[in-house]
Each structure stands twice: as structure tokens, then as C-alpha cells.
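An overview of the molecular structure
As a plain string of letters, each chain reads:
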Amino acid sequence: MSSQLVVEFKPKLLQSSEHELCPGCGHSVAFRVVLDVVEELDLKPVLLAGHGCYTQLMVQSDLDSLQCLHGRAPAAATGVKRMLPTTPVITLQGDGDMVTEGLHEILHAAARGEQFTALLFNNGVFGDTGGHLTATTVVGQRTKTSLEGRDPALHGYPLNIGQLLAQVEGAAYVARGAVNSAGMIARTQRMVRRALELQLEGAGFTFVEILTMCPTGWFVPTSEGPEYLEDAMITTFGIGELKAPPG
Amino acid sequence: MTVPTVPTRPIAPTVPTRGTVKIDVEACKGCDLCIDACRPGVLTMTTDRFNQRGYRFPELRAGCTACRACAQVCPDFVFQVWKFDTPVELPEGPVPDAALHRDVERQREQRS
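**Here we look at the overall build of chain B**
- Within chain B, the secondary structure is distributed over 3 helices and 5 strands.
- The buried share of chain B, reckoned over its 112 residues, is 46%.
- When contacts within chain B are restricted to residue pairs at least 6 apart in sequence, long-range pairs at least 24 apart make up 71% of them.
- Surface summary for chain B: the accessible area is close to 6,700 Å², and the carbon and sulfur share equals 55%.

Below you can see the structure in the form of C-alpha cells.
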């Protein structure tokens, strides 16, 4: 009985499959999506990450990488891309890093039409620094600093970063995916692939937001993470391409 | 007069199986995501057995279609998916050789 290997344990670009992320975390699933696309396209990108749980995956990946100050990955990526215009440049940030701490960095980078791909792993919580509320925490979501759920009267409303960036003229591609099911993961993979292809074509600033599960930060059982993501986050933000060049 | 019945041996039921997975039991953190993702529903979580780190882990039963959904949703890179060139009939129940038990501590010692 002969058989063929369809999927290897870990992506080739990951040096070790061991990591310290919590059970049911969506970050490593999303990171696999990114590494699979990089491998498919046979790229040698520079990866610039912010601060968050995903940073330990960056350290384990076999890519040229740099950890930047909180929220400043787009600024560092601007420098790298301008010095190495033919090298694919990817930034990797969480929602706390990008939307709460470094919102102006990403907006200005998009407005300047910088030729790199920005990736956002959005789980609506500051996972790495204790699990408090971020600017993308959805209404009603429980975090360590909104134990009764996010209340608009007290905490305000979440920011829809994809919608904001789609309005900016310099942004060529803006999309939002998620990792709550195998079908959605495949769809997100196509978005990341399209963003990187557009960067190689020199289309402009490209952005993909990936909604990920954080059962620890959300106070839900790990098995209910994908369902919660769908009910709370996808309902609020939506999924799909918000801006794409024709063709 | 009663008609004598021919004693028949019950035939063990089989399940068409198109692929298999190798499960890296020691890497699992027991999050249950693969159980819901598995389209043919052939993965089940152990209830009374745990890996070296104390987590429950998935077990494979016959009927895998090599759809790779488990590998895609797994946060801990536990699954390796294989597809058979021709589908086979496997006896219903657990697939014993799916589990891969590696000695984590020994591997760490060798690495350091």
C-alpha cells in the first residue's frame, strides 16, 4: 500500500514545532498560513515583528527578522524596503501593537504607499502583557480590564482598522481573514498570497488582517474559541477583501 | 419440523479509508480544535489517558479522508497527513499505528 505525504507536521521555515503559546491559540495557525505562502512563492523576505505572543514564533522561524519597538514595525519596514527595494518585506503585529500603540505608524505608512505587506493578528486582547482591553476588543467581549464585557458607555467602541486603511489612497490591497475553520484558513491563505504578489508587482501598501482565537484572554474553553470568533469578531468586522486592484 | 439455521460468523464491519495521519502525541496541548475540524469525524479525544505533559490527545479511527483540516487548524503542529494512492478498507475502530510517541525529555537532552 503506497501513500503520499500531503502535509508535514510543521512548515519547513519553522525550525521547531515547540512553542509556549496557550492551548487553542490562533497565532501559530495564522503564522503557519504566512509561512506556507512564503514557501509556496519561494520568497526570502525580511520579517519585522512588534511585541506580542507571536514574537516567539518569529524567533523560531528561518527568516531574516527583527523585533521592533511597540507599534513601530511599519517605520522599520519603511527603512528596510527603501534600502532593499527588491526584497519582500513583511510586518507582523498584533492588535494591541498595531491598533492601540502604533495606529499612526500604520496609517502613515499606508498613506505614503510604502511597498511592504503589513499583517495584523487580531485577537482583540493584549495577550502577551496580561490580557487587557485593546482598541479592537468588540462590544460585550470580556477581558481582564472589562470583566463584565466591553461597555460602549465606559470603554467606547472598537476600531475597524481594515475599514480605516481601505480609505487611504496609498493602500493597494486591504483584506480580512480568520483562522476559525479549515475553509476560512484556506481563504485567508489566498489573501496573504495576493498581498505578497501585489507587493512583488510594486502595487503599493498591502494589508491583511487575520482574526485569531485567544481562548485564554476571552475566558472561553479552547473548543469554543472558533465559535466565539465567528459570533463576536466576524459579526462585528466582517470577512473579505475591502480593497483590491481590479483583475 | 424446524429448518436448521446455518451458523454464520459475524463479518467485522470495515470503513473505506483514503488516508491517515501521524499524531505527535507529545506536542499536543489538548485544545480540541481538531475534533470539530475533522470532516469525517474520525478523531476523538482521549478521556482517561494523557501525554507526558499531562494533556489529553486525539486518537484516529478508521475512515480518514486525508482532507488535512486537522493539520490546518492545529496550533501545535501535531498532525502529519498521508494520502493512500488507492483507498483501503480498514476494520472499524481505532487505528493503532497513528500515534507517534516521542520521548520529549530525551530529545531535549540530545539537543543540549
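**Here's the deal with the interface of chain A and chain B**
- Facing the 32 residues of chain A at the interface are 33 residues of chain B.
- A combined buried area of about 2,800 Å² lies between chain A and chain B, and 58% of that area is made up of carbon and sulfur atoms.
- Counting every contact that joins chain A to chain B gives 0 salt bridges.
- On the surface where chain A and chain B come into contact, there are 12 residue pairs in polar contact (both at pLDDT 80 or more).
- The leading source of residues in the side of chain A that touches chain B is strand 1 (residues 3–7) of chain A, at 5 residues.
- Residue classes in the side of chain A that touches chain B are distributed as 16 nonpolar, 11 polar and 5 charged.

**Section: the sheet that holds strand 1 of chain A**
- Spatially, 4 strands are ordered 1(A)-4(B)-1(B)-5(B) in an open sheet, and the strand pairing comes out mixed. The open sheet is flanked by strand 1 of chain A together with strand 5 (99–100) of chain B, the only strands paired with a single partner.
- The sheet contact formed by strand 1 of chain A and strand 4 (residues 79–91) of chain B spans 4 bridges and is antiparallel. Opposite Ser3(A), over in strand 4 of chain B, you have Phe84(B) as the bridge partner.

**Observations concerning the pattern of salt bridges**
Residues and elements named next belong to chain B.
- As enumerated under the stated definition, the model contains 12 salt bridges over all chains in all.
- With a closest N to O distance of 2.8 Å, Arg56 and Asp32 form a salt bridge. Of this pair, Arg56 sits in the loop between strand 2 (43–45) and strand 3 (58–60) while Asp32 is found in the loop between strand 1 (14–24) and helix 1 (33–37), placing the two residues 24 residues apart along the sequence.
- Accessibility expressed as a relative area gives 28% for Arg56, which makes it partly exposed.
- Exposure remark for Asp32: the relative accessible area of 17% places this residue in the buried category.

**A closer look at the sheet that holds strand 8 (residues 171–178) of chain A**
All names here are of chain A.
- Pairing is mixed in the open sheet, where 7 strands are placed in the order 3-2-4-5-9-8-10. Two strands bound the open sheet, and with one partner strand each, they are strand 3 (64–67) and strand 10 (240–243). In this sheet, adjacent strand axes meet at a mean angle of 20 degrees when their direction is disregarded.
- Where strand 2 (residues 46–49) and strand 3 come together, 4 bridges link them in parallel fashion.

**Details of the confidence of the model for chain B**
- Of the residues in chain B, 88% have a pLDDT of 70 or more, and the chain-wide mean is 88.
- At the level of chain-chain contacts, confidence expressed as ipTM amounts to 0.91, with global pTM at 0.92.

**Let's talk about the state of the cysteines**
Residue and element names in this part refer to chain A.
- Within the structure shown, the criterion is met by 0 disulfides over all chains.
- In this model Cys214 remains outside any disulfide bridge; the closest cysteine sulfur is found in Cys22, 6.4 Å from its own.
- Under the relative-accessibility criterion, Cys214 is labelled buried at 12%.

**Overview of the side chain of Thr91(A)**
All names here are of chain A.
- Within the fold, Thr91 resides in strand 4 (residues 89–94).
- For Thr91, a relative accessible area of 0% gives the class buried.
- Ignoring sequence-local partners within four residues, the contact set of Thr91 consists of Leu48, Ala73, Pro74, Ala77, Phe116, Thr117, Ala118 and Leu119.

**What about the environment of Ala244(A)?**
Residues and elements named next belong to chain A.
- Along the chain, Ala244 falls in the segment after strand 10.
- For the pair Ala244 and Val174, spaced 70 residues apart in sequence, the C-alpha to C-alpha distance is 6.6 Å.
- Here Ala244 is in contact with Ala172 and Tyr173, once residues within four sequence places are set aside.

**So, helix 3 (residues 73–83) of chain A**
- For helix 3 of chain A, the set of buried residues is Ala73(A), Pro74(A), Ala77(A), Thr78(A), Val80(A) and Lys81(A).
- Of the surrounding elements, those touching the buried residues of helix 3 of chain A are strand 2, strand 4, helix 5 (103–111) and helix 8 (182–201) of chain A.

**Focus: the environment of Tyr55(B)**
- Relative to the helices and strands, Tyr55(B) resides in the loop between strand 2 and strand 3.
- On the basis of relative accessible area, Tyr55(B) is assigned to the partly exposed category, the value being 29%.
- Between the C-alpha atoms of Tyr55(B) and Ala37(B), which are 18 residues apart in sequence, the distance is 19 Å.
- Beyond its immediate sequence surroundings of up to four residues, Tyr55(B) is in contact with Pro23(A), Cys28(B), Lys29(B), Gly30(B), Arg49(B) and Phe50(B).

**Regarding the packing of aromatic side chains**
Residue and element names in this part refer to chain A.
- Taken as a whole and assessed by the stated rule, the structure comprises 3 aromatic pairs over all chains.
- With a centroid separation of 6.2 Å and 80 degrees between ring planes, the pair formed by Tyr54 and Phe121 is classed as edge-to-face. In this pair, Tyr54 sits in the loop between strand 2 and helix 2 (55–60) while Phe121 sits in strand 5 (residues 117–122), placing the two residues 67 residues apart along the sequence. As far as the burial class goes, Tyr54 and Phe121 line up, both buried.
- Measuring from centroid to centroid gives 5.5 Å for Phe116 and Phe205, while their planes differ by 85 degrees, and the two rings are edge-to-face. Highlighted residues: Phe116 in the loop between helix 5 and strand 5 and Phe205 in strand 9 (residues 205–211), separated in sequence by 89 residues. As far as the burial class goes, Phe116 and Phe205 line up, both buried.

The rules behind these values
Residues numbered from 1 in each chain as written. Chains lettered and ligands numbered in written order. Predicted model: local features only at pLDDT ≥ 70, side-chain atom pairs only at ≥ 80, totals over all residues. Heavy atoms only, no water. Helix = DSSP H or I, 4+ residues; strand = E, 2+ residues; numbered from the N terminus. Buried < 20%, exposed > 50% of the residue type's maximum accessible area, 1.4 Å probe, protein only. Contact = heavy atoms within 4.5 Å. Areas by Shrake-Rupley, 256 points an atom, 1.4 Å probe, with all protein chains shown as cover. Buried area = accessible area lost by both parts, 1.4 Å probe. Salt bridge = Lys/Arg side-chain N within 4 Å of Asp/Glu carboxyl O. Polar contact = N/O pair within 3.5 Å; in protein donor to acceptor, adjacent residues only side chain to side chain. Nonpolar A, V, L, I, M, F, W, Y, C, P; charged D, E, K, R; others polar. Pairing = 2+ DSSP bridges. Axes fitted to C-alpha atoms, helices over the stretch in contact; angles between N-to-C directions. pLDDT = per-residue confidence, 0-100. Disulfide = S-S within 2.5 Å. Phe/Tyr/Trp six-rings, centres within 6.5 Å; stacked < 30°, edge-to-face > 60°.

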